[in-house]
Amino acid sequence: MMNSRVMIKLNSYILILLLLLFCFNPLLGMAAICIYSPFLVKFEQKIASIVIIIFSILFYATLQPFSDLAEYLHVYNNINSINIFHYTRFGRGIEFFILIIMKVVYFITRGDQFSFLVAIYSIIFILLMTICKKIAGEFYLLLFFCIFFSYGFIQTNAYVLRQILSLLFILMMILAWNKKSIIFGFLSIISHTSAVIAIGLFVLIYIRKFKKLIYLIVPTSILTVFIAYKIGMFSYVIDRLISVDNNFSTLSISQIAIYNSQIGIVFCLLYLFRNKINLSDKSVFLILFGMLNFFLFWGFINIPAMSNRFALFMCAFSSVLLYPILNSKINFTYKYKALMVVILVNLIPTLYIFYNVEMANNLFSFMNYSPIRSNIFDFITLLANRLTENLPYLTQGN
């Protein structure tokens, strides 16, 4: 009893020290908090999670718009002149979820651009934190950091916003596994049509549980394919792939190695603990979904417009494949080591990105090109500038 009280007090002091470190260097402080978080009690984890999620949202909201992010803001600026349910540029009018967000934020903030960035990244990081809690229990902040700190997540979270939203809703659909799954499945489709791959796999895996609905599912699927054909969805996708393929560069050997390293390590960990992991229906789906993305990535490696899309899950979200380990009876130490291995795999490529940001050698302008050197006061000053000044663009989009 006495030792327990001492540990609680010690953890409280350590958390205070970590929060002080966060003030001196938010990015380093976030890393330290997340790495130590499994040793904190639930209340302390809750405090830490609030700090982490607010920082994550504002960290990405400090980006100066460029490329796809600038394009989204261009659409946002003209949202009142757009029919959100018939905007064919986004998935032939199907992908209207982000347009609804734009419409609501524009109405509330009278078109403030920084508010849109805060809103969209709030949805992304709140969903991500929720998913991590469902997957990892006491390790959820460490899992969150695995994803946040991954090379792939940093590379994509300023570009494919609709696809990231769709993927997060897919994960919510699987982890919920109840009536809410239908809602999350619908939200994933109207976020990005690539969700049909995951939903198709979901139906194939769990068809035995839908025996009573099979007479509804089959004709509905046929009707959906027919409607997609009639409205030109298939020709639209092919035309888009042909037209945008030139905008995607062929992946270099180093990029391919980085994209495959994380999912490769995760599969190695799953094999290593194969006799102890929890192979529930959710685990089976996640593993098959990871394998499907891996094979599609390699299958379309010579078509960058497609391979880059399939790379999203395997290079940014493959840490969620640790679900069978984190939900098993494997002891605390092995679970912690598994997550730390994934972080270490990402360490060099991610630090390389942040080094280039500091040197202003790429378009990621996190915290005014000072993600490593900034303290909390620099961060607050930058946010104040974003709230009172016009949002500075790096480029005007594609």
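The model shown is predicted, which means the values in this text are computed figures rather than measured ones. (Residues numbered from 1 in each chain as written. Predicted model: local features only at pLDDT ≥ 70, side-chain atom pairs only at ≥ 80, totals over all residues. Heavy atoms only, no water.)

Caption draft 1: Examining helix α15 (residues 281-299) more closely. Spanning 19 residues, α15 covers 26 Å between terminal C-alpha atoms, matching the ideal 27 Å at 1.5 Å per step. Residues of α15 that are buried include every one of Ser-283, Phe-285, Leu-286, Ile-287, Phe-289, Gly-290, Asn-293 and Phe-297, and no others. (Helix = DSSP H or I, 4+ residues; strand = E, 2+ residues; numbered from the N terminus. Expected span 1.5 Å × (residues − 1). Buried < 20%, exposed > 50% of the residue type's maximum accessible area, 1.4 Å probe, protein only.)

Caption draft 2: Expanded view of the packing of aromatic side chains. Taken as a whole and judged by the stated rule, the model has 41 aromatic pairs. The interplanar angle of 65° and the centroid separation of 5.4 Å between the aromatic rings of Tyr-76 and Tyr-106 together place this pair among those described as edge-to-face. Residue Tyr-76 is found in helix α4 (residues 67-77), and its partner Tyr-106 is found in helix α5 (residues 97-109); the two are separated by 30 residues along the sequence. According to the relative accessible area criterion, Tyr-76 is buried, its value standing at 0%. With 5.0 Å between their ring centres and 65° between their planes, Phe-289 and Phe-313 make a pair best called edge-to-face. Within this pair, whereas Phe-289 is found in helix α15, its partner Phe-313 is found in helix α16 (residues 304-316), the two being separated by 24 residues in sequence. Exposure class is identical for Phe-289 and Phe-313. Each is buried. Looking at Arg-162, its charged tip hangs above the ring of Phe-90, at a distance of 4.1 Å from the centre. Across the ring face of Tyr-271, the terminal group of Arg-274 is positioned such that the distance to the ring centre comes to 4.1 Å. (Phe/Tyr/Trp six-rings, centres within 6.5 Å; stacked < 30°, edge-to-face > 60°. Lys NZ or Arg CZ within 6 Å of the ring centre and 35° of its normal.)

Caption draft 3: How the structure looks around the packing of α5 against helix α9 (residues 161-176). Axis separation between α5 and α9 bottoms out at 10 Å; the angle between their running directions is 110°. It follows from the interaxial angle that α5 and α9 lie roughly perpendicular. Together, Phe-97, Ile-98 and Ile-101 of α5 and Leu-161, Arg-162, Leu-165 and Phe-169 of α9 make up the contact between the two elements. Here the residues of the contact of α5 with α9 are counted per class, giving six nonpolar, no polar and one charged. (Axes fitted to C-alpha atoms, helices over the stretch in contact; angles between N-to-C directions. Parallel < 35°, antiparallel > 145°, perpendicular 65-115°, else oblique. Contact = heavy atoms within 4.5 Å. Nonpolar A, V, L, I, M, F, W, Y, C, P; charged D, E, K, R; others polar.)

Caption draft 4: Structural view of the nonpolar core. Counting residues in each nonpolar core, the largest one holds 137 residues, and the members touching the most others are Tyr-60, Leu-99, Phe-116, Tyr-121, Phe-125, Phe-285 and Phe-317. If we ignore the near neighbours within four places in the chain, the residues touching Tyr-60 are Tyr-121, Phe-125, Phe-148, Phe-153, Ile-154, Asn-157 and Phe-366. (Core = buried A, V, L, I, M, F, W, Y, C linked by side-chain atoms within 4.5 Å.)

Caption draft 5: Focus on the environment of Tyr-121. Tracing the backbone through its elements, the reader meets Tyr-121 in helix α6 (residues 113-136). Note on Tyr-121: relative accessible area 0%, which makes it buried. Counting along the chain gives 68 residues from Tyr-121 to Ile-53, while the straight-line C-alpha distance between them is 9.9 Å. The contact partners of Tyr-121, leaving out residues within four places of it in the chain, are Ile-57, Tyr-60, Ala-61, Leu-63, Leu-69, Asn-157, Ala-158 and Leu-161. Separated by 2.7 Å, the side chain of Tyr-121 and the backbone oxygen of Asn-157 make a polar contact. (Polar contact = N/O pair within 3.5 Å; in protein donor to acceptor, adjacent residues only side chain to side chain.)

Caption draft 6: Up close: the side chain of Gln-113. Tracing the backbone through its elements, the reader meets Gln-113 in helix α6. Apart from the residues lying within four places of it in its own chain, the contact partners of Gln-113 are Leu-73, Tyr-76, Asn-77, Leu-391 and Tyr-393.

Caption draft 7: Up close: a nonpolar patch on the surface. Judged by side-chain polarity, Tyr-13, Ile-16, Leu-17, Leu-20 and Phe-24 come together as a nonpolar surface patch covering roughly 590 Å² of accessible area. Within the fold, Leu-17 resides in helix α1 (residues 2-24). (Patch = residues over 30% accessible without salt bridge, like charges linked within 9 Å, V, L, I, M, F, W, Y side chains within 5 Å. Areas by Shrake-Rupley, 256 points an atom, 1.4 Å probe, with all protein chains shown as cover. Salt bridge = Lys/Arg side-chain N within 4 Å of Asp/Glu carboxyl O.)

Don't take any of this as a statement about function, it's just geometry.
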